[in-house]
Amino acid sequence: MAGKQRSPRKEARRPVWADVDLATLAENFHAIRKFVNPPDEKRKAPRKLLCIVKGNGYGHGGPQVAKALEKAGSDWFGVTCTEEGIAVREAGVRKPVLILTGFSPGEEPRLIEHDLTAVIHRCDQLQPLDRAAARFLSKKGSKKAASKGGKRISFHLKMDTGMNRLGIAPGDVDCFASQLAKCKHLELGGVFTHFASSEVLTDTRTGEQTRQQEERFYAALDRLRALGIDPGIVHLANSAAIATRPETWADMVRPGAILYGYHPGYDPVEQRPEIEARLPLKPVMSLRARIINIRNIPEGAGVGYNETFIAKRPTRIAVLAAGYGDGIHRSLGNRGSVIVRGALAPIVGIVSMDVTMIDVTDIPSAEVGDVVTFYGVDGNMVRAANLIARSIGTVTSDLLCAVSQRVPRIYFP
C-alpha cells in the first residue's frame with residue numbers, strides 16, 4: 001500500500017513534483033557528524049562539517065536545504081559560484097559560505113559585499129581580490145565594512161594535488177607566499193584539496209592516488225608553515241572519503257578541521273555498496289508524478305518513439321506526467337521501473353520530454369490520477385536514487401541534478 005505523499009497545492013497544474021523531507025535531511029546530517037566525531041575520541045573541538053549545496057542543492061533546492069542544514073548545525077556551506085552564494089545568503093543563511101570554484105574577474109566586489117569566502121586557485125587572483133577588499137574596507141558608512149573592524153578579508157586556497165583541474169601546484173607554494181605578502185587586505189583562512197579517486201580501493205595506480213594526494217597536500221602545508229603562513233582550516237575529505245577513507249580524517253586531519261562535506265544527494269561511494277553500511281543514510285527527495293492516461297494495447301503493438309517496446313501480450317500502458325524535461329533520465333527507457341500502488345511497474349519505450357510510459361498490466365487496480373514514485377520513499381518501499389543511477393551507468397549527482405526547475409519542490413519538516 002502506498003504511503004503518504006505530499007502533492008502540490010490545490011491549484012490546477014501539471015502533476016509532477018518532488019517531495020523534500022527536511023527532517024530526514026537533518027537526520028542524515030547528524031548521523032554524519034556523529035560518524036566523524038566518534039564518542040570515544042577525546043578531542044578538544046569536534047570536527048566540523050561543510051555542507052555542499054551547489055547545483056541547486058543537488059536538485060533539492062540550494063537555499064532551502066542550506067537554511068534547514070544551518071538550523072541542524074552545519075558549520076560551513078559550499079557552492080559553485082557567487083550567484084549561488086548570494087541565493088543562499090538571501091535565504092537568510094549566516095554561516096560561512098565557500099565559493100568552491102573561485103570567482104570570475106569583476107565578481108570580487110559582490111562576493112565580498114555578501115560575505116562570501118573566496119577560493120583562490122591561481123596566484124594571479126590574489127591582487128584583484130586584494131584591491132576589492134581594500135575598497136570594501138575603506139567604505140565610509142558601510143555597516144558590513146564596519147563589522148569587519150578594519151580587519152582583513154579571509155579566503156581559502158585550493159591546492160591541486162592530482163585532480164589536475166583547479167588549484168595551485170604544491171611546487172608553487174613559494175610563489176603564492178610571495179604574492180600573498182603583497183596583499184595587505186587579505187588573510188588566508190583555509191587550505192584544501194580535492195581527492196580524485198577516494199572511492200577506488202584497489203591495489204592499482206588509481207587506488208594509490210588518494211595517499212599520494214595526501215602526501216603532496218601535507219608537504220605543501222608544511223612548506224606554508226615554514227614560510228611563516230598559518231594555513232588556517234584544513235579540509236580534504238570529500239563525501240566518498242568520509243566513509244571509504246576514515247584515515248583521512250581520523251588520523252591525519254588537524255584538530256578542528258572541516259570535513260568537506262555533506263550534500264543532500266550524498267552517496268558514500270558510488271561503486272562499493274558494502275561500504276555504505278558504515279554510514280547508512282536515507283533518501284531526502286522523492287520524485288513523483290501522476291498517471292494521466294491509461295490505454296489497452298494488443299499484442300504486437302509498439303509504444304512511444306521508434307517502437308522500442310513491442311507488447312508481447314495484451315498490455316495496459318499508463319502515461320506519466322513527467323519526462324526527461326523534468327529530470328527523468330532518458331536512459332531509464334526499457335530499463336527502469338517506478339512504484340505504483342506499492343508495486344514496481346517497468347518503464348517501457350523511450351522516455352519523452354514530457355511523458356513516460358509504464359506497463360501496469362500486472363497492477364490491475366492502477367488508474368488515472370494515481371501517484372507514481374520514480375525514486376525516493378513510497379510507504380514502506382524505497383527506490384534509492386544511487387541504485388537507480390548505477391543501473392544506468394551514471395552517478396547519483398547526475399540523476400538528482402537533472403530534476404529541472406519546472407518541477408516544484410514540496411518541503412515538509
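A brief look at the structure comes next. What you see is a predicted model, and the numbers here were worked out from it, not measured in a lab.

Helices and strands together make up the secondary structure of the chain, namely 14 helices and 19 strands. Among the 413 residues that make up the chain, the fraction classed as buried is 52%. Summarising the internal contacts of the chain: among those between residues at least 6 apart in sequence, 68% fall at separations of at least 24. Accessible surface computed for the chain: about 18600 Å², of which carbon and sulfur atoms make up 52%.

Core analysis: the largest hydrophobic core is formed by 89 residues, its most contacted members being F155, F176, L188, V340, I358, F374 and Y375. Of the residues forming this core, the biggest block, 6 residues, is contributed by helix α6 (residues 126-137). Ignoring anything within four residues of it in the chain, the contact list for L188 reads F155, H156, L157, F176, L180, L224, I229, D230 and P231.

Further remarks concern the sheet that holds strand β7 (residues 186-192). Spatially, the 4 strands line up as an open sheet ordered β5-β6-β7-β8, and their pairing is parallel. Strands with a single pairing partner mark the edges of an open sheet, and in this sheet they are β5 (118-120) and β8 (233-235). Taken pair by pair, the neighbouring strands of this sheet meet at an average axis angle of 35°, ignoring direction. Judged from the 3 bridges that link them, β5 and strand β6 (residues 153-158) form a sheet pairing that is parallel. The residue bridging V119 from the neighbouring strand is H156, located in β6.

In this section: the pattern of salt bridges. Scanning the entire structure with this criterion turns up 16 salt bridges. Residues E83 and R110 are paired through a salt bridge, measuring 2.8 Å at the closest nitrogen-oxygen approach. Of this pair, E83 sits in helix α4 (residues 82-90) while R110 sits in helix α5 (residues 108-113), and the two are 27 residues apart along the sequence. What makes E83 partly exposed here is its relative accessible area of 45%. For K139, the salt bridge is made with E113, and the minimal N-O distance between the two is 3.3 Å. With K139 in the loop between α6 and α7 (143-148) and E113 in helix α5, this pair connects stretches of sequence that are 26 residues apart. With relative accessibility at 43%, the residue K139 sits in the partly exposed group.

Once that is clear, we can look at the side chain of Q125. With respect to the secondary-structure elements, Q125 resides in the loop between β5 and α6. With a relative accessible area of 3%, Q125 lands in the buried category. A polar side-chain atom of Q125 sits 2.8 Å from the main-chain amide nitrogen of H121. In contact with Q125, not counting residues within four places along its chain, are F103, V119 and I120.

All right, on to helix α1 (residues 22-36) then. Over its 15 residues, α1 extends 21 Å from the first C-alpha to the last, a length consistent with the 21 Å expected when each residue adds 1.5 Å. Taken together, the buried positions of α1 are T24, L25, N28, F29, I32, R33 and V36.

Let us look at unusual backbone geometry. Unlike most non-glycine residues, Y58 shows phi in positive territory, near 50°. In this structure, Y58 sits in helix α2 (residues 54-58). The phi dihedral of D115 is positive, around 55°, even though this residue is not glycine. Relative to the elements of secondary structure, D115 occurs in the loop between α5 and β5.

For A132, the location among the structural elements is in helix α6. Between the C-alpha atom of A132 and that of I112, which follows or precedes it by 20 residues, the distance is 7.8 Å. Leave out the neighbours within four places in its chain, and A132 touches E108, P109 and I112.

A few words on the side chain of D359. You can see D359 is positioned in strand β16 (residues 356-359). What makes D359 buried here is its relative accessible area of 12%. Side-chain polar atoms of D359 contact the side chain of T361, separated by 2.5 Å. Once you skip the residues sitting within four places of it in the chain, D359 turns out to touch F309, R313, T315, R316, I317, A345, P346 and V348.

Look at α1 against helix α3 (residues 62-72): their axes get within 10 Å of each other, and the N-to-C directions meet at 50°. Between α1 and α3, the angle falls in the class oblique. α1 and α3 meet at a crossing whose hand is right-handed. Contacts between α1 and α3 pair L22, L25, A26, F29 and H30 from the former with V65, A68, L69 and A72 from the latter. The residue makeup of the contact of α1 with α3, split by class, is 8 nonpolar, 1 polar and no charged.

Reading guide: rules and limits
Residues numbered from 1 in each chain as written. Predicted model: local features only at pLDDT ≥ 70, side-chain atom pairs only at ≥ 80, totals over all residues. Heavy atoms only, no water. Helix = DSSP H or I, 4+ residues; strand = E, 2+ residues; numbered from the N terminus. Buried < 20%, exposed > 50% of the residue type's maximum accessible area, 1.4 Å probe, protein only. Contact = heavy atoms within 4.5 Å. Areas by Shrake-Rupley, 256 points an atom, 1.4 Å probe, with all protein chains shown as cover. Core = buried A, V, L, I, M, F, W, Y, C linked by side-chain atoms within 4.5 Å. Pairing = 2+ DSSP bridges. Axes fitted to C-alpha atoms, helices over the stretch in contact; angles between N-to-C directions. Salt bridge = Lys/Arg side-chain N within 4 Å of Asp/Glu carboxyl O. Polar contact = N/O pair within 3.5 Å; in protein donor to acceptor, adjacent residues only side chain to side chain. Expected span 1.5 Å × (residues − 1). Parallel < 35°, antiparallel > 145°, perpendicular 65-115°, else oblique. Left-handed = near helix turned anticlockwise from the far one by under 90°. Nonpolar A, V, L, I, M, F, W, Y, C, P; charged D, E, K, R; others polar.

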